[in-house]
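Here's the letter readout for the chains.
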Amino acid sequence: MGYARLQSIHVHPVKAFRSLSLQEAVVEPWGPAGDRRWMLIDDGGKVVTQRTQPRLALAAAELLPGGGVRLSAPGMAPLTVPVPRAPGSVTVRIFRDKVEALPAEDEAAHAWCSALLGADVRLVHLDDPATRRPVDPEYARPGETVSFADGFPLLLTTTASLDALNSLIARGEHAGEGPLPMNRFRPNLVVSGTEPWAEDTWSRVAVGEVVLRVAKPCGRCVVTTTDQETAGRGSEPLHSLGRHRRVDGRLVFGQNLVPLGGGTVRVGDPVRMVE
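Residues numbered from 1 in each chain as written. Predicted model: local features only at pLDDT ≥ 70, side-chain atom pairs only at ≥ 80, totals over all residues. Heavy atoms only, no water.

Visitor: Just checking my understanding: could you explain the sheet that holds strand β9 (residues 76-81) for this structure?
Guide: Paired through their backbone hydrogen bonds, the strands of a sheet run either parallel or antiparallel. What the three strands build is an open sheet, ordered β7-β8-β9; its pairing is antiparallel. Each edge of the sheet is formed by a strand with only one pairing partner; in this case those strands are β7 (60-63) and β9. Here the average twist between neighbouring strands, direction ignored, is 20 degrees. Pairing geometry for β7 and strand β8 (residues 69-73), over four bridges, is antiparallel. Looking at β8, one finds that Ala61 is bridged to Leu71. Packing against the sheet, helix α1 (residues 107-117) makes contact with β8 and β9, and its axis sits at approximately 145 degrees to β9. (Pairing = 2+ DSSP bridges. Helix = DSSP H or I, 4+ residues; strand = E, 2+ residues; numbered from the N terminus. Axes fitted to C-alpha atoms, helices over the stretch in contact; angles between N-to-C directions. Contact = heavy atoms within 4.5 Å.)

Put into structure tokens, the structure is as follows:
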């Protein structure tokens, strides 16, 4: 692997909002602490993401002590939302899963998010990630759970693979859209110092003191075509991934990980393949 290291760490306190960069993060069994414990649902209880609402890329959420969040977006007054304490969970749908979650207690939170999107949405919190949502059983071991992430506790990407992908984009018919930044792929862990696509061969990797199991490659969707600064959309990287990185019918970039133990990861930590 050479001298690989952890270049950056990112969490998404509210699913589909822009990422928050950290210098270190505690890795819990279901993902980095504070990552995707909140999300938006529509009036039918279904998750709302950048797939249908690219404007979510413009919204940010700051983590607060105790698990609350401070919401902000251009042209909107910031709003602090505490973790809900009152009982009264609702059933929400996140892709194929039905999960119990707690709505934010302050109606102002729902109003703020609805105003952001111009649509009726509600903000919900995952109160018990240890029991609420199992990892996809096709790829999980008994007892593994996940937050409101798409499917797995962590997503890892490498700078070398992004460089390789940007080279492919530069030679393609949508060259003007590149080079793309890493935030298009919304990873938790970004690793430098590897060969391009080295992560395809990993089955278990140690990041500092934390060992993680590689579950499967990450299939990519329209969110990757969304500029995380403007919310505008293009054709890349899906066009180039479709030509060069199609695996079992999916366009793949990055690897989904499951922690095999807890600990803290820090920017600069060594990264090594365990097996």
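Okay, back to it.
Visitor: Help me understand the sheet that holds strand β5 (residues 38-41) in this model?
Guide: Spatially, β6-β5-β12-β11-β10 is the arrangement adopted by the five strands of the open sheet, whose pairing is antiparallel. A strand with exactly one partner marks an edge of an open sheet, and here the two such strands are β6 (47-48) and β10 (90-94). Strand direction decides the pairing type here: strand β11 (residues 97-103) and strand β12 (residues 122-125), joined by two bridges, are antiparallel. Residue Pro103 lies in a different strand from β12, and its bridge partner there is Val124.

Visitor: Please explain the layout of surface pockets as it appears in this structure.
Guide: Any empty space left between atoms is shown by rolling a water-sized probe over those atoms. Empty space within the largest pocket amounts to approximately 970 Å³. In terms of lining residues, the largest pocket is bounded by 39 residues, among which Arg51, Phe95, Asp150, Gly151 and Gly219 are the most central. Only β11, β13 (154-158), β16 (210-219) and β18 (250-259) provide two or more residues apiece to the lining of the largest pocket. Here the residues of the lining of the largest pocket sort into 17 nonpolar, seven polar and 15 charged. Roughly 170 Å³ of volume is contained in the second largest pocket. Taken together, Ser8, His10, His12, Arg18, Ser19, Met182, Asn183, Arg186, Pro187, Val190, Gln228 and Glu229 form the lining of the second largest pocket. Tallied by class, residues from the lining of the second largest pocket come to three nonpolar, six polar and three charged. (1 Å grid on protein atoms, 1.4 Å probe; cavity = no way out; pocket = protein on both sides within 12 Å on 5 of 7 lines; lining within 4 Å. Points joined across faces, edges and corners; volume = space filled by probe spheres on them. Nonpolar A, V, L, I, M, F, W, Y, C, P; charged D, E, K, R; others polar.)

Visitor: How should the side chain of Asn188 be read in this particular structure?
Guide: By the secondary structure assignment, Asn188 is in the loop between α2 (159-170) and β14 (189-192). Within polar-contact distance, the side chain of Asn188 engages the side chain of Asp35 at 3.3 Å. With sequence-adjacent residues up to four places away left out, Asn188 is seen in contact with Ser8, Ile9, His10, Val11, His12, Pro32, Asp35, Arg36, Pro153, Leu154 and Leu155. (Polar contact = N/O pair within 3.5 Å; in protein donor to acceptor, adjacent residues only side chain to side chain.)

Visitor: Is there a simple way to explain α1 in this structure?
Guide: Three or more residues of α1 are buried, namely Ala109, His110, Trp112, Cys113, Ser114, Leu116 and Leu117. Summarising the contacts, the buried residues of α1 are in contact with β5, β6, β8, β9, β11 and β12. The N-capping residue of α1, defined by a side-chain oxygen 2.9 Å from the backbone nitrogen of Ala108, is Asp106. Count one or two residues on from α1 and you reach Gly118, which has phi positive near 65 degrees. (Buried < 20%, exposed > 50% of the residue type's maximum accessible area, 1.4 Å probe, protein only.)

Visitor: What am I meant to see in the packing of aromatic side chains here?
Guide: Using the criterion set out here, one finds three aromatic pairs in the structure. Ring geometry for Tyr139 and Phe152: centres 6.0 Å apart, planes at 70 degrees, overall edge-to-face. Placement of the pair is Tyr139 in the loop between β12 and β13 and Phe152 in the loop between β12 and β13, with a sequence separation of 13 residues. One aromatic cluster is present, built from ring pairs that chain together Phe185, Trp197 and Phe253. Taking NZ or CZ as reference, Lys216 lies 5.5 Å from the ring centre of Tyr139, over its face. When the ring centre of Trp197 is taken as reference, the NZ or CZ atom of Arg245 above it lies at 3.9 Å. (Phe/Tyr/Trp six-rings, centres within 6.5 Å; stacked < 30°, edge-to-face > 60°. Lys NZ or Arg CZ within 6 Å of the ring centre and 35° of its normal.)

Visitor: Would you mind showing me how to read the pattern of salt bridges here?
Guide: Side chains that differ in sign of charge can pair as their charged atoms come close. Counted according to the given criterion, the structure contains eleven salt bridges. Two residues, Arg51 and Asp150, come together in a salt bridge whose shortest N-O distance is 2.8 Å. With Arg51 in the loop between β6 and β7 and Asp150 in the loop between β12 and β13, this pair connects stretches of sequence that are 99 residues apart. For Asp150, a relative accessible area of 40% corresponds to the partly exposed category. For the salt bridge of Asp97 with Arg133, the shortest nitrogen-to-oxygen distance reads 2.8 Å. Taken together, the residues Asp97 in strand β11 and Arg133 in the loop between β12 and β13 connect sequence positions 36 residues apart. One salt-bridge network, in which partners are shared between bridges, spans Lys15, Arg51 and Asp150. (Salt bridge = Lys/Arg side-chain N within 4 Å of Asp/Glu carboxyl O.)

By themselves, these figures tell us nothing about what the structure is for.
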